[in-house]
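For reference, the chains in residue letters:
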Amino acid sequence: MLDKAFDPAAMEARLYAAAEAAGVFSADPARPAAPFTIVIPPPNVTGSLHIGHALNNTLQDVLVRWRRMQGRDALWMPGTDHAGIATQMVVERLLAAQGQERRAMGREAFLRRVWEWKAESGGAITRQLRRLGASLDWPRERFTMDEGLSRAVIEVFVTLHKQGLIYRDRRLVNWDPKLLTAISDLEVESREVKGTLWTLRYPIEGAPGRFIQVATTRPETMLGDTAVAVHPDDPRFADLVGRFAILPLTGRRIPIIADAYSDPEKGTGAVKITPAHDFNDFEVGRRHGLPMPNVLDPEARICLEEIAGELAEIPGVAEPDFVRALAGQERFAARKAILEKLEALGLLEKAEPHTHQVPHGDRGGVPLEPRLTWQWYCDAATLARPAIEAVETGRTVFVPKQWENTFFAWMRDIQPWCISRQLWWGHQIPAWYGPDGHIFVERTQQEAEAAARAHYGREVALRRDEDVLDTWFSSALWPFSTLGWPERTPELAKHYPTDVLVTGFDIIFFWVARMMMMGLHFMGEVPFRHVVIHGLVRDERGQKMSKSKGNVMDPLELIDAYGADAVRFTLCALASPGRDIKLSKQRMEGYRAFATKLWNAARFLEMNGVRPDPAWKPADAKGMLARWLLEKADAAAFEANRSLEAFRFDDYASGLYAFLWNTYCDWFIEFAKPVLNGPDGPEKEEVRGVAQHVLGLALRLLHPVMPFVTAELWEKLGYGDAVALTTTPYPEGREAAAEAGAALVDQAIEAISAIRSARSTLNVPASAVLPLRVSGAQTQGIRAFAPQIMRLARVAEPEFVAAAAEGAGPGAFCAAMGAELFLPLAGVVDLAAERARLGKERARAEAERAKLEAKLANPGFRAKAEEAVVAETEERLQDAAAEIARLDAALTRIAN
RNA sequence: GGGCGCUUAGCUCAGCGGUAGAGCGCCUGUCUUACACACAGGAUGUCGGCGGUUCGAACCCGUCAGCGCCCA
């Protein structure tokens, strides 16, 4: 017997553990079944499950469970990425708490410590995904720093290097002065900062008293200025182009150049050029062959090594001693000192408040410095071409499709990808340097040594590059490295290309783009057929959730409060394509009620002797109620499949919600009650049969989104083992096709609704049982379901007469699909109220008739509209007219 | 500045050429022996404005307005 109350907490852990232990979440490459594959977008190993993960993984799990039930060899690949910067920061923080520092302990000891941390506290998220019910193939779990995946990384790096698609270059990077590493363009967060725009005066060489003014928000970089640029067409500066300015403080001679980069409308129209510290200036510097001295060290302190030799004393303009004193000063302190000095020299024209965008590191949180360094680069533009083409030709399809534009926009303008990071935690770059700096890129130290021997003709000492690769470099390989590549494993052969990648739009650049590039280059085929982009989960007011706002919803707390099924169902039901989700506890309460409803319906059937019966054949069902329910169930199953095929998780959820609650509970079970309470016999057997059959169908249909309550009911009711539901075939259903017998149920439903509405409007006491007189050409539904109508509409045994309302005195009149219903209400009915009710219905019918008449009166409509539409319109007009006639007759009877 | 999206019932959202829908909320009634996390009934919409295409527009096109996001 089912418990009275549905208690998710009591069953979830047990059900999940049983399924995991039974191995039903695992793929089997030996099975002949067609594969269905999703690789999880690898969460960060330092991370914990947030509501965005809950959405992302719920959607993946729904797809995987559904396809698995369809018989596909489903593989949902789990794992995490090593998150170079984040993990290194976590461990460094732990060390700091113990008074230790990574440099002091050395690289090897530090890495040991990181692995220890990973073993102890890494991957909390994988345990949390289990609480969500995610049916990942855990025995196949991978980690980007695994031996196998690391091998793939080395293989890819070496291969791309030999192909000339990876190279070393000295370019500007986004440098994080706190983390002391280059970071990706995508890890740069533009923050609006209220700063100051300073205008500086640079003296013109050979023109005493003449200055050129330049505006800057970072005056400390002026030490590295190597030119002043003006627009070629700007008449104000035409005579200065080709001459020189004297850079204050350092006394350097810098040319005044013409370059269209300078915007005559902006600032003073002249702009200082600091090639080593600004991306735009770097390009200008390249175009004009300017020197590019670096004046900031890795921690963004002033360093003078590259300009020390050229400092020159110029009275009133340049003071080498002052500049020398700046060495080692932190950038903002140096800024202050430089401004004070310039002001003292009369070279600071003005300072204006200025709001501008300042790039910050999204991890470290400090302003970044563009910095000129040697780094490893990947030729993304070349790799992007086939990826763009794959999307253009539809080999990979985005859902919703408009995200393809975002993908194209970024891919078509892709910059060289800086793949080296000045970290210790990560894949160390397989490059070795000879004594003269010659580079050997090989898979192993031994191979590098052999190459060096061949190159130099003798043994030499090699030094390995200390840098590691961007975490995304290994993530980019995820769709094939996790399947065993570069080994040619059965999994790789069977499951690549994968079917779907499910992710948020913010990750199109990170994952989608890079996986596409690497997948196509190394596997010759796209990594996934579909990319499903879902929205962001926001709070109920549409605000982004954040710790600082205090509006975060913890999925684990939600699971505790509402059950994993309710959390999953809510996320699914709200996942409309292309829209963010506004999540509220109220919504979740509503869907928890749905799980409870399912539980209670099952309990009711169990109490009424409904038991699973695999031998029961729907095709043998004869009764109208059974046919009606089977038809609705088939349509619901069909729609569920269709919705999931189209990745319409919202339609899938709401369609089943409506079927279970409205069709199955509100009508079928209510219709079944008189039969279940009645005498034993074939009719009761058939109702029990169809009830168990369709409940079993509903449990299967709902299982992908509500795996826990469905599995529990499946087992407790006796359909089978809870674990076995995971691989029980998913119902296919078929398109709705109305059966004649089933229409009689609809008539009974309509009669009940009409009577209920009349009773309520006329204030008939709920407990009063009214007589019912029925007439009309179509009354079979009323006859067939009289007991149901009596019970649900609270009426006496229907009396079938020639004309329902004739000679019965005052009463209420209504109609149901060709049947006329009359409720004699002598002494009960308020005739004025009934007149008002009928009048209102008449007005509604009249409006309908007017609309349809106008439409049919339009010659264009008859001439051009489809025939079926015209016919339907005519039919509706007749119905409206008949309804008006009936209502008129009823009104006449109770006139006065 | 460039691009994308959104604007439909009080709220959150479906619908995207032929009868305006759902959930929640609201109002009224009900302990009808599965379920008050329930049942029944009800009210509420110039489908953002304007213009166009069409026999017909919430839906297609143009335009304006407001909101949001991404990239400079």
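Cut-offs and rules
Residues numbered from 1 in each chain as written. Chains lettered and ligands numbered in written order. Predicted model: local features only at pLDDT ≥ 70, side-chain atom pairs only at ≥ 80, totals over all residues. Heavy atoms only, no water. Helix = DSSP H or I, 4+ residues; strand = E, 2+ residues; numbered from the N terminus. Rg over C-alpha atoms; globule rule 2.2 N^0.38 Å. Buried < 20%, exposed > 50% of the residue type's maximum accessible area, 1.4 Å probe, protein only. Contact = heavy atoms within 4.5 Å. Areas by Shrake-Rupley, 256 points an atom, 1.4 Å probe, with all protein chains shown as cover. Pairing = 2+ DSSP bridges. Axes fitted to C-alpha atoms, helices over the stretch in contact; angles between N-to-C directions. Core = buried A, V, L, I, M, F, W, Y, C linked by side-chain atoms within 4.5 Å. Domains from an automatic or database assignment. Buried area = accessible area lost by both parts, 1.4 Å probe. Near = heavy atom within 4 Å. Polar contact = N/O pair within 3.5 Å; in protein donor to acceptor, adjacent residues only side chain to side chain. Phe/Tyr/Trp six-rings, centres within 6.5 Å; stacked < 30°, edge-to-face > 60°. Lys NZ or Arg CZ within 6 Å of the ring centre and 35° of its normal. pLDDT = per-residue confidence, 0-100. Disulfide = S-S within 2.5 Å. Parallel < 35°, antiparallel > 145°, perpendicular 65-115°, else oblique. Left-handed = near helix turned anticlockwise from the far one by under 90°.

Caption draft 1: Molecular detail of the overall build of chain A. Counting its secondary structure elements, chain A contains 31 helices and 29 strands. The C-alpha radius of gyration of chain A comes to 38 Å, more than 25% above the 29 Å expected for a compact globule of 896 residues. Its C-alpha atoms put chain A at 120 × 65 × 55 Å along the principal axes. Out of the 896 residues belonging to chain A, those deemed buried represent 54%. A separation of at least 24 residues holds for 77% of the contacts in chain A among residues at least 6 apart in sequence. Here chain A displays about 38100 Å² of accessible surface, and carbon together with sulfur accounts for 51% of that area.

Caption draft 2: Summary view of the sheet that holds strand E8 (residues 211-216). Ordered in space as E8-E7-E13, the three strands form an open sheet in which the pairing is antiparallel. Edge positions in the sheet fall to E8 and strand E13 (348-361), since each of these pairs with one other strand and no more. Pairwise comparison of adjacent strand axes, ignoring direction, gives a mean angle of 20 degrees for this sheet. Two elements, strand E7 (residues 188-203) and E8, share six bridges in a ladder whose sense is antiparallel. By the bridge assignment for E8, Thr-199 is matched with Ala-215.

Caption draft 3: Examining the sheet that holds strand E6 (residues 181-183) more closely. One open sheet accounts for four strands, arranged E6-E5-E14-E16; its pairing is antiparallel. For this open sheet the edge positions go to E6 and strand E16 (417-418), each flanked by a neighbour on one side alone. Pairing of strand E14 (residues 369-378) with E16, which is carried by two bridges, proceeds in the antiparallel orientation. Bridging from a neighbouring strand, Tyr-377 pairs with Cys-418 of E16.

Caption draft 4: Structural detail: the environment of Val-214. Turning to its location among the elements, Val-214 is positioned in strand E8. Overall, the relative accessible area of 0% leaves Val-214 in the buried class. For the pair Val-214 and Glu-349, spaced 135 residues apart in sequence, the C-alpha to C-alpha distance is 9.2 Å. Apart from residues no more than four positions distant in its own chain, Val-214 is found in contact with Trp-198, Thr-199, Leu-200, Tyr-202, Val-228, Thr-268, Ala-270, Val-271 and Lys-272.

Caption draft 5: The arrangement of the nonpolar core in detail. Counting 200 residues, the largest nonpolar core has Phe-407, Tyr-664 and Phe-668 as its most contacted members. Here this core gets 15 residues from one element, more than from any other, and that element is helix H22 (residues 649-677). When residues of this core are sorted by domain, at least three fall in each of domain 1 (32-164 + 384-418 + 472-534) and domain 3 (555-737). Apart from residues lying up to four places away in sequence, Tyr-664 is in contact with Leu-605, Leu-629, Phe-659, Ile-669, Ala-691, Val-694 and Leu-695. Formed by 36 residues, the second largest nonpolar core is a distinct cluster that contains Val-295, Leu-311, Leu-342 and Leu-348.

Caption draft 6: Spatial organisation of the domain arrangement of chain A. For chain A, the assigned domains read domain 1 (32-164 + 384-418 + 472-534), domain 2 (181-369) and domain 3 (555-737). A straight line from the C-alpha centre of domain 1 to that of domain 2 covers 42 Å. Of the residues lining the interface, ten residues belong to domain 1; the matching set on domain 2 comes to seven residues. Buried area between domain 1 and domain 2, both sides added, is near 700 Å², and the carbon and sulfur share of it is 73%. For domain 1, the biggest contributors to the area lost against domain 2 are Ile-85, Met-89 and Phe-510; these three give 49% of the whole.

Caption draft 7: Here's a closer look at the protein's contact with RNA strand B. Around RNA strand B, a shell composed of 40 residues is seen, among which Arg-579, Thr-596, Trp-661, Asn-858 and Lys-864 lie nearest. Those atoms of RNA strand B that come within 4 Å of the protein belong to sugar or phosphate at a rate of 72%. Separating a sugar or linking oxygen of RNA strand B from a backbone N or O atom of Gly-860 is a distance of 3.4 Å. Of all the elements in the fold, those that place two or more residues in the surface near RNA strand B are helix H20 (585-607), H22, helix H26 (740-761), helix H29 (831-857), helix H30 (859-864) and helix H31 (867-893).

Caption draft 8: View of unusual backbone geometry. The linkage connecting Val-399 with the following residue, Pro-400, adopts the cis geometry, with an omega of -5 degrees. Cis geometry marks the peptide bond from Trp-485 to Pro-486, where omega comes out at 10 degrees. Here Pro-486 is to be found in the loop between helix H15 (478-481) and helix H16 (490-495). One non-glycine residue with positive phi stands out, namely Leu-249, at about 70 degrees. Following the sequence through the fold, Leu-249 ends up in the loop between strand E10 (244-246) and strand E11 (253-258). Residue Leu-249 is classed as buried on the basis of its relative accessible area of 0%.

Caption draft 9: Structural detail: the packing of aromatic side chains. Evaluated as defined, the whole model comprises 30 aromatic pairs. With a centroid separation of 6.1 Å and an interplanar angle of 75 degrees, the aromatic rings of Trp-667 and Phe-671 are classed as edge-to-face. Placement of both Trp-667 and Phe-671 in helix H22 is noted, with a separation of four residues, approximately one turn of the helix. The exposure class assigned to Phe-671 is buried, which follows from its relative accessible area of 1%. Three or more aromatic residues joined by ring pairs make a cluster, and in this case those are Phe-569, Tyr-591, Phe-594, Tyr-657 and Trp-661. Directly above the ring of Phe-604 sits Lys-673, whose terminal nitrogen or CZ lies 5.2 Å from the centroid.

Caption draft 10: Quick look at the confidence of the model for chain A. Looking at chain A, pLDDT values average 90 and 99% of them are 70 or higher. Interface confidence in the predicted complex, given as ipTM, is 0.94; pTM for the same model is 0.91.

Caption draft 11: Representation of the state of the cysteines. Counting across every chain of the model gives zero disulfides. There is no disulfide at Cys-303, and the cysteine sulfur nearest it, in Cys-418, is 19 Å away. This cysteine, Cys-665, is not joined by any disulfide, and Cys-572 carries the nearest cysteine sulfur, 20 Å off.

Caption draft 12: Layout of the environment of Thr-46. For Thr-46, the position within the fold is in the loop between strand E1 (35-39) and helix H2 (51-69). Judged by relative accessible area, which is 26%, Thr-46 ranks as partly exposed. The spacing of Thr-46 and Phe-6 is 40 residues in sequence and 35 Å in space, taken between C-alpha atoms. Excluding residues within four positions of it along the chain, Thr-46 makes contact with Ala-86, Thr-87, Val-90 and Trp-117. A polar contact is formed between the side chain of Thr-46 and the side chain of Asn-44, at a distance of 2.7 Å.

Caption draft 13: Quick peek at the side chain of Thr-663. By the element assignment, Thr-663 lies in helix H22. Looking at Thr-663, the relative accessible area reads 16%, which means it is buried. If sequence neighbours within four positions are ignored, Thr-663 has contacts with Trp-628, Leu-629, Lys-632, Ala-658 and Phe-668.

Caption draft 14: Examining the packing of H20 against H22 more closely. Closest axis-to-axis distance for the H20/H22 pair is 11 Å, and the angle between their directions is 25 degrees. Taken together, the axes of H20 and H22 lie roughly parallel to each other. In terms of crossing hand, the pair formed by H20 and H22 is left-handed. Residues Tyr-591, Ala-593, Phe-594, Lys-597, Leu-598, Ala-601, Phe-604 and Leu-605 of H20 form the contact with H22, whose own contacting residues are Leu-656, Tyr-657, Leu-660, Trp-661, Tyr-664, Cys-665, Asp-666, Ile-669, Lys-673 and Leu-676.

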